[in-house]
Structure formats: C-alpha cells, structure tokens
Amino acid sequence: RAVIGAGTGLGVAALVPSSSGGIGIGGEGGHVSFPLETVEEAKIADHYRDSESHVSAERLISGSGLVRLHEIVGQLKIQEGQTLTPADIVKRALAKSDPLAEETLTLFVKWYGRFAGDVALTYGATGGLYIGGGIAPHIKELLASETFRKPFLAKGRLSGYLEQIPVYVIKSQEAGLKGAAVALAAALSVP
C-alpha cells in the first residue's frame, strides 16, 4: 500500500508487509522532479524556474503549489487575478464561478493523478493507493473522475497493472495522528 497527501507539502509513504506486520516506509517523494509532458506544462515550469532551479512535484501539487499555479495560469492568460487561498481556489472552481480557478484545479488534479500513478508503480501498491492531506477530502469527486484517473493510468504498457490498483481518499482529519499513535504503541511494545 502507498499513501500520498497534498497539503502543506506533498507527502509520500508506503506500508510494506512483513512477517511481523506492516512496516511503514517514509521518504521525500514529493521532492522528485515534476515530469513535464506538454508545451503548456513547460511554460508553467519556466515560471517556477524564475525562483527555483528544481521544479519538484511538491512545487505544483500542494496547497502553496495550487496558489502559485493559479497565479501562473493567470499570468499566462494575461489575466490579473487576485491571490487566493487553496480553499478559495477549490471553492470557486467547484462552484464554477471562476474560469481561472477551474482551469487551475483541473491541472492540479491531472498532475495529482500522474504523480499518484508514478507512486503506485514505484511501490507496486497492489494493496491500494491512499490519498490523504488537507486538499483531498474537498476534491474527492474530482479524484474519482477521469481528470485524475486518466493520467493515473497513462503509464504505457503498465496501464493494465495500474487498473488493478484501487484508489481511496482518506476522509479522517486525524489520520496522521492516529498513524503516529499506532507507530508509538508498536515502538513501546518492543522488548
């Protein structure tokens, strides 16, 4: 099983089975290079490169990434948009009251799907890919849509492999705290 979560950053972890139970494996997967696939994505990445030499997945798929993406999409369309919070962008996009917010969220969900597919392949997450973080519960319908699913599956000859991997949205606000409690309990029970 693998878990990803966009919020303050972009977290990545996995739970690997062992004879003594599951072993949690953390990492810094959110800092991998963002895979560019289109000319539009390269233009967006160029705006990030103005301030950063490395465009990581986290720079685009996180709360702050959503805000920056909204600003860049506005600049590329020569629209002056106001600086919004991630919650405002999501709210406006879902209400279909702001075309710039809609385009921004569509790109975000597409890239989240692409990243999720990469993580599922990396870990061989046949037990499922779990999506947590602060943003996912607010966009769960989009995470169940083709906007997410198509890029999740777009891995060439391994698309069929990914079709077998279920994707779940973690709704609990305390999932991280509960996981830390389980890990602490396990660590304290070691003789």
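This text goes with the structure placed above it.
Residues numbered from 1 in each chain as written. Predicted model: local features only at pLDDT ≥ 70, side-chain atom pairs only at ≥ 80, totals over all residues. Heavy atoms only, no water.

Caption draft 1: Region of the structure containing the environment of Glu163. The topology assignment puts Glu163 in helix H8 (residues 159-163). For Glu163, a relative accessible area of 48% corresponds to the partly exposed category. Linking Glu163 and Leu36, residues 127 residues apart in sequence, is a C-alpha distance of 23 Å. Residues within four places of Glu163 in sequence aside, it is in contact with Arg149 and Leu153. (Helix = DSSP H or I, 4+ residues; strand = E, 2+ residues; numbered from the N terminus. Buried < 20%, exposed > 50% of the residue type's maximum accessible area, 1.4 Å probe, protein only. Contact = heavy atoms within 4.5 Å.)

Caption draft 2: Fine view of the sheet that holds strand S5 (residues 167-169). Taken in spatial order, the 5 strands make up an open sheet running S3-S2-S1-S4-S5, and their pairing is mixed. The two strands at the open ends of the sheet, each matched to only one other strand, are strand S3 (23-26) and S5. Across the sheet, the mean angle from the axis of one strand to that of its neighbour is 20 degrees, orientation sign disregarded. Two elements, strand S1 (residues 2-6) and strand S2 (residues 10-16), share 5 bridges in a ladder whose sense is antiparallel. Looking across to S2, one finds that Ala6 is bridged to Leu10. Packing of helix H5 (residues 99-123) onto the sheet brings it into contact with S1, S2, S3 and strand S4 (129-132), and relative to S1 it is tilted by some 155 degrees. (Pairing = 2+ DSSP bridges. Axes fitted to C-alpha atoms, helices over the stretch in contact; angles between N-to-C directions.)

Caption draft 3: Looking closely at the nonpolar core. In this structure, Ile4, Ile44, Ile61, Phe108, Tyr112, Leu129 and Phe152 are the most contacted members of the largest nonpolar core, which totals 46 residues. The dominant element in this core, judged by the number of residues it contributes, is H5, at 12 residues. (Core = buried A, V, L, I, M, F, W, Y, C linked by side-chain atoms within 4.5 Å.)

Caption draft 4: Representation of the pattern of salt bridges. Evaluation of the coordinates by the stated rule reveals 7 salt bridges. Here the salt bridges share partners, and the residues they tie into one network are Glu37, Glu41, Lys110 and Arg114. (Salt bridge = Lys/Arg side-chain N within 4 Å of Asp/Glu carboxyl O.)

Caption draft 5: Region of the structure containing the packing of H5 against helix H7 (residues 146-153). Axis separation between H5 and H7 bottoms out at 7 Å; the angle between their running directions is 35 degrees. The element H5 and its partner H7 pack so that their crossing is right-handed. Residues Thr106, Val109, Lys110, Tyr112, Gly113, Arg114, Ala116, Gly117 and Ala120 of H5 form the contact with H7, whose participating residues are Thr147, Phe148, Pro151 and Phe152. Residue composition of the contact of H5 with H7, by class: 7 nonpolar, 4 polar and 2 charged. (Left-handed = near helix turned anticlockwise from the far one by under 90°. Nonpolar A, V, L, I, M, F, W, Y, C, P; charged D, E, K, R; others polar.)

Caption draft 6: Region of the structure containing the packing of aromatic side chains. The final tally for this structure, using the stated rule, is 5 aromatic pairs. The interplanar angle of 85 degrees and the centroid separation of 6.4 Å between the aromatic rings of Tyr112 and Phe148 together place this pair among those described as edge-to-face. With a gap of 36 residues between them, Tyr112 in helix H5 and Phe148 in helix H7 connect regions that are remote in the sequence. The exposure class of Tyr112 is buried, given its relative accessible area of 0%. A residue is classified by how much of its surface remains accessible, and Phe148, at 0% relative accessible area, is buried. (Phe/Tyr/Trp six-rings, centres within 6.5 Å; stacked < 30°, edge-to-face > 60°.)

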